[in-house]
Amino acid sequence: MEKEKIIEVKDLIFGYEKDSTILKCISFDIFKGEYVTLIGHNGSGKSTLAKLLSYILEPTSGKVYIEGQELNEKSIKDIRSKIGIVFQNPDNQFIGSTVEDDIAFGLENRNIKQDVMKKTVLEFAKKVGMDKFLNKEPEELSGGQKQRVAIAGILALNLKIIIFDEATSMLDPEGVEEIRKLILNMKEENPELTVISITHDIEEAYLSDRVIILNDGKVYKNDIPENVFKDEEEMRKIDLDIPFVLKIKNELAARNIIIPREIKTIEGVANYLCQ
Amino acid sequence: MRSDILGKYTPYNSIVHRLDPRFKFFALILLMVIVFLPFGNYTNRFIVLGILSLIIGIIMIVGKVSFKSFFRSLSSLWLMFIFLLIFMFFIPTKGEYPIYSFNENYTLYWDNLLQVLHIIIRLVLMIALTIILTSTTLPMDITYALDWYLTPLKVVKFPTQVVSLTISLALRFIPTLLNEANRIMNAQKSRGVDYNRGFFVAKIKSITTLIIPLLVSCFSRSDELAIAMEARGYDPYKTRSRYKSLHFTYKDLLALLFIILVAGLVITFSILSSTIGGFDDVINFIWGIKTI
């Protein structure tokens, strides 16, 4: 069955200055309902790509299509109503003065009726586990909690695509774990949802459906995580590590203990071994 | 650092907290005006201010505004008190009972002391009123109230929603920026900047090491915020719905009547005292003993 393309990136080139390009001809497709992670070491151009996808920057050449619609000055307003973006800094995207106000912000922009809004806010606050914090101000929340509020605000808009623009890079390990789990839950609940996560968290990449590795402004690999992280040496060469779970699996495999492919977490491995 | 900010919203559930912010805003302005009305001689002034202080004090107790932090934050007013007294000393004034006399022109009278006290009390009351509003009302609600008062301007196409959103964003970022300032200060201290020592010029110089990084981060923050708002579909020219709405209940009506009654009495007294004179005379006039 042919999968439906939802994002198409075609020959994307970008440079802040004319003679030096950061992104050198990038092309890839993302299909409906996929969970794709974009990884790369610092300076690989992944944050630039994130800005291009959300049209904060304009490409030097090449095109981005979202649901067949070209991303440009004219279509941006239309396209922004299809894409939700979770940004890096938890503070700078907290718009409302309390949790509920922030979740409601996007709904207010859509001119949704008050009674409907109240229900929606509560529903999505529950989904991200923030329903007990509705009246809290951003200063009273942790980074992970603020990001969860941002996610709730986007989920409430019922969008087709969510881009995580290094959403976990400013969080503590617990916050990172919270967001990782939340993304998986989100996907489980709504398989139609397309998630693109630009991240440096290889553990998260391992949990996704597909990994795109950027290196030196080019797509270095574009495959399922098992294949991408197969060769540890190769990953080292481009300054990336392989996920911790995979390392353990490899070590166990060397001792003739084969862990099934579906098991992707440390807890899973531990449970499997204890069986 | 955060908990020390004067007038920060305290999440209690008192009657003052639950009142309609539009009413609170109105009451604040009204009471501020009547605090500054003239009441004739000093006896009159202090009696009226005493009554007003009592009312405001009761509101503070009901609204669970901390007196301790209130008075602690007022401690710097002593400086102003002394400054005003010195100021009075150099201004040629007339009085009956001198406290200290240098010569005819430079004399400090008891009257001056009362005058300064009068100014200070009015200032304290004004600060108290503002603090009652800000510590019992969410910044967002104050913004809603302000927006409501600006509604008539919509007729002339004044972008009231933009203004109220701007204000609420500014209020929302105050604690964030304070934390940031604290962080920068600590970072600079660890690099050897001393914010406490030195004279005027040295202090200004050390402050620039705080201000410039703070401004830079402010700009990048606002940039990111603008992008985040746009990404969530904000368009200043589109009609937006409201998540919260304000409700004017019978409690607000009662409170409004009470405040209008107080204001009415004080204003009447102010007018009477300017035409009749002393407090006793006004009281006698009210009881019908004396006529003009």
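Everything below is about the structure printed above this text.
In short, a report on the structure. Since the structure is predicted, the reported quantities are computational estimates derived from the model, not experimental observations.

All right, on to the packing of aromatic side chains then. All names here are of chain B. The full count for this structure, using the stated rule, is ten aromatic pairs over all chains. The interplanar angle of 20 degrees and the centroid separation of 6.2 Å between the aromatic rings of phenylalanine 67 and phenylalanine 71 together place this pair among those described as stacked. Linking phenylalanine 67 with phenylalanine 71, this pair stays in helix 4 (residues 67–73), spanning four residues, or about one helical turn. Take phenylalanine 67: its relative accessible area is 31%, and that puts it in the partly exposed class. Aromatic side chains tryptophan 148 and tyrosine 149 sit 5.1 Å apart centroid to centroid with 80 degrees between the ring planes, which places their arrangement in the edge-to-face category. Overall, tryptophan 148 belongs to the partly exposed group, its relative accessible area being 45%. A residue is classified by how much of its surface remains accessible, and tyrosine 149, at 33% relative accessible area, is partly exposed. Linked through ring pairs, Phe25, Trp148 and Tyr149 together constitute an aromatic cluster.

The subject of this paragraph is the pairing of strand 3 (residues 35–39) of chain A. All names here are of chain A. Among the five residues of strand 3, five are classified as buried, and the element is accordingly described as predominantly covered. Of the two faces of strand 3, the one carrying Tyr35, Thr37 and Ile39 and the one carrying Val36 and Leu38 are both buried. With four bridges joining them, strand 3 and strand 8 (residues 194–198) adopt parallel strand pairing. Bridge pairing in strand 8 links leucine 38 to isoleucine 198.

Residues and elements named next belong to chain A. Taken in spatial order, the six strands make up an open sheet running 6-7-8-3-9-10, and their pairing is mixed. Looking at which strands have only one partner, the edges of the open sheet turn out to be strand 6 (83–86) and strand 10 (218–223). For this sheet, the mean inter-axis angle between neighbouring strands, taken without regard to orientation, is 15 degrees. Of the pairings in the sheet, the one linking strand 9 (residues 210–215) to strand 10 comprises five bridges and is antiparallel in character. Counted as the bridge partner of isoleucine 213 is lysine 221 from strand 10. Its contacts with the sheet place helix 1 (residues 46–53) against strand 3, strand 7 (161–165), strand 8 and strand 9, and it is angled at close to 135 degrees to strand 3. Of the strands in this sheet, strand 6 and strand 7 touch helix 5 (residues 143–155), which is tilted by about 175 degrees from strand 6.

Basis of the calculations
- Residue numbering note: each chain is counted from 1, following its sequence as written.
- As a convention, the first chain written is A and the first ligand written is 1, with the rest following in written order.
- Reporting in this predicted model follows two pLDDT cut-offs: at least 70 for local features of residues, and 80 or more for side-chain atom pairs to be given and counted; totals over whole chains, interfaces and linings ignore these cut-offs and use all residues.
- With hydrogens and water stripped out, all remaining heavy atoms of the structure feed into the side-chain values.
- Ring pairs shown here join Phe, Tyr and Trp side chains whose ring centres sit within 6.5 Å, with only the six-membered ring taken for Trp; geometry is labelled stacked below 30 degrees between planes, edge-to-face above 60, and tilted in between.
- Secondary structure elements follow DSSP: runs of H or I no shorter than four residues count as helices, runs of E no shorter than two count as strands, and numbering proceeds from the N terminus.
- Only protein chains enter the accessibility calculation, which uses a 1.4 Å probe; a residue is then buried when its area is under 20% of its type maximum, exposed when over 50%, and partly exposed in between.
- A pair of strands is labelled paired if DSSP reports no fewer than 2 bridges between them.
- Helix axes are fitted to C-alpha atoms over the stretch in contact, other axes to C-alpha atoms as well, and angles between N-to-C directions run from 0 to 180 degrees.
- Contacts: residue pairs with any heavy atoms within 4.5 Å of one another.

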